[in-house]
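Observations on chain architecture
Each chain is listed here by its residues.
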There are 2 protein chains.
Amino acid sequence: MEETETCPAQRLLKMLSGKWKAEIFRLAVESPLRFNTLLRQIQGSNKQSLSTALKELEEEGLLEKTTIKLKPLHIEYNLTEKGKALIPVFQHLEGLS
Amino acid sequence: MEETETCPAQRLLKMLSGKWKAEIFRLAVESPLRFNTLLRQIQGSNKQSLSTALKELEEEGLLEKTTIKLKPLHIEYNLTEKGKALIPVFQHLEGLS
DNA sequence: ACAAGAAGTCAGATTTTTTTGACTACCCAG
DNA sequence: CTGGGTAGTCAAAAAAATCTGACTTCTTGT
């Protein structure tokens, strides 16, 4: 309940934990995300969880939601600058393991 | 239940998620860990959770458990090389947020 | 010998996270 | 005006993570 917030990295870490967040992030690096597409791409996931994860990633300022009001009229999620700044961290992480 | 293991960074991320792991890691960077000391250092935690976390960090090869068979005869947890390799990642993470 | 500390384990309870299924609202095509 | 797609929400259920308290074993100090 009460957050003790010891180190700053901890919050980032915390926000990338959750069953689907890393996967969502990975796909967001490749291209803008759309809700139903994501639902099909990430097999095993479900609306509610993706919805929650996207909301949290957005709140953390890693993703940005935009309504595209053209042709097909839809919603897109894109990495923010802060989100992009995480890419090297992931790459470094992949270098290990 | 079934793990899909998409990207390698995911497993690292997964293993640093959990309520106490980041904190344990942070303390391990500073000095070798001892169970009961940790229990006192991390307020709000409990034996069972720490035990589980330490076991998992050990299984991931980030921590190493050693029995010191001298003077007070006790057990120590130290970062492995793989564990140390994560330090820069944490530092980078702190650089953001 | 006895008490206390270290390092746990175990079962059960509680809490948090994730999943399910039903339902909404808007737009577009035929 | 009906069906299908997009982008969700909501409440309830199920699953996973965490916490509690009791108990264990080994060692050390007095």
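Reading guide: rules and limits
Residues numbered from 1 in each chain as written. Chains lettered and ligands numbered in written order. Predicted model: local features only at pLDDT ≥ 70, side-chain atom pairs only at ≥ 80, totals over all residues. Contact = placed C-beta atoms within 7 Å. Helix = DSSP H or I, 4+ residues; strand = E, 2+ residues; numbered from the N terminus. Nonpolar A, V, L, I, M, F, W, Y, C, P; charged D, E, K, R; others polar. Pairing = 2+ DSSP bridges. Least-squares fit on C-alpha atoms with pLDDT ≥ 70 in both. UniProt positions renumbered as here; feature names shortened; annotations may be inferred. Near = placed C-beta within 6 Å.

Under an unreviewed UniProt entry, chain A has the name HTH-type transcriptional regulator YybR and belongs to Flavobacterium anhuiense.

All right, on to the interface of chain A and chain B then. Each partner contributes residues to the interface: chain A has 25 residues there, and chain B has 25 residues. Where the side of chain A that touches chain B is concerned, the elements lending two or more residues are α1 (8-15), α2 (21-30), α5 (81-85) and α6 (87-95) of chain A. No other element matches the six residues that α1 of chain A contributes to the side of chain A that touches chain B. Looking at the side of chain A that touches chain B residue by residue, the classes come out as 13 nonpolar, seven polar and five charged.

The subject of this paragraph is the pairing of strand β1 (residues 63-68) of chain A. Residue and element names in this part refer to chain A. Note: β1 against strand β2 (residues 74-79), six bridges, orientation antiparallel. Within β2, the position partnered with Lys-65 by the bridge is Tyr-77. The hairpin turn running from β1 into β2, its antiparallel successor, is five residues long, and Leu-73 in that turn takes a positive phi close to 55 degrees.

Superposing chain A onto chain B takes a rotation of 180 degrees plus a shift of 0.0 Å along the axis, which leaves an RMSD of 0.0 Å. On this basis, the relationship between the two copies can be described by a two-fold rotation axis. Across chain A, the rotation axis passes nearest the C-alpha of Ser-17 of chain A, at a separation of 2.8 Å. Comparing contact sets, 100% of the residues at the interface of chain A also lie at the interface in chain B, consistent with an isologous, same-surface contact.

Per the UniProt record, "domain: HTH hxlR-type" (unreviewed entry) is annotated on residues 7-97 of chain A. Along residues 7-97 of chain A the backbone is 57% helical and 13% strand, and the end-to-end C-alpha distance reaches 24 Å.

Attention now moves to the protein's contact with DNA strand D. Taken together, 18 residues lie near DNA strand D, and His-74 of chain A together with Lys-19, Gln-48, Ser-49 and Leu-73 of chain B sit nearest. Listed by contribution, the elements that provide at least two residues to the surface near DNA strand D are α3 (35-41), α4 (47-59) and β2 of chain A together with α4 (47-59) of chain B. Class assignment of the residues belonging to the surface near DNA strand D gives a composition of five nonpolar, nine polar and four charged.

The subject of this paragraph is the protein's contact with DNA strand C. Around DNA strand C, the surrounding shell holds 17 residues, and the nearest of these are Asn-46, Gln-48 and Ser-49 of chain A together with Phe-35 and His-74 of chain B. Secondary-structure elements contributing two or more residues to the surface near DNA strand C are α4 of chain A together with α3 (35-41), α4 and β2 (74-79) of chain B. Tallied by class, residues from the surface near DNA strand C come to four nonpolar, nine polar and four charged.

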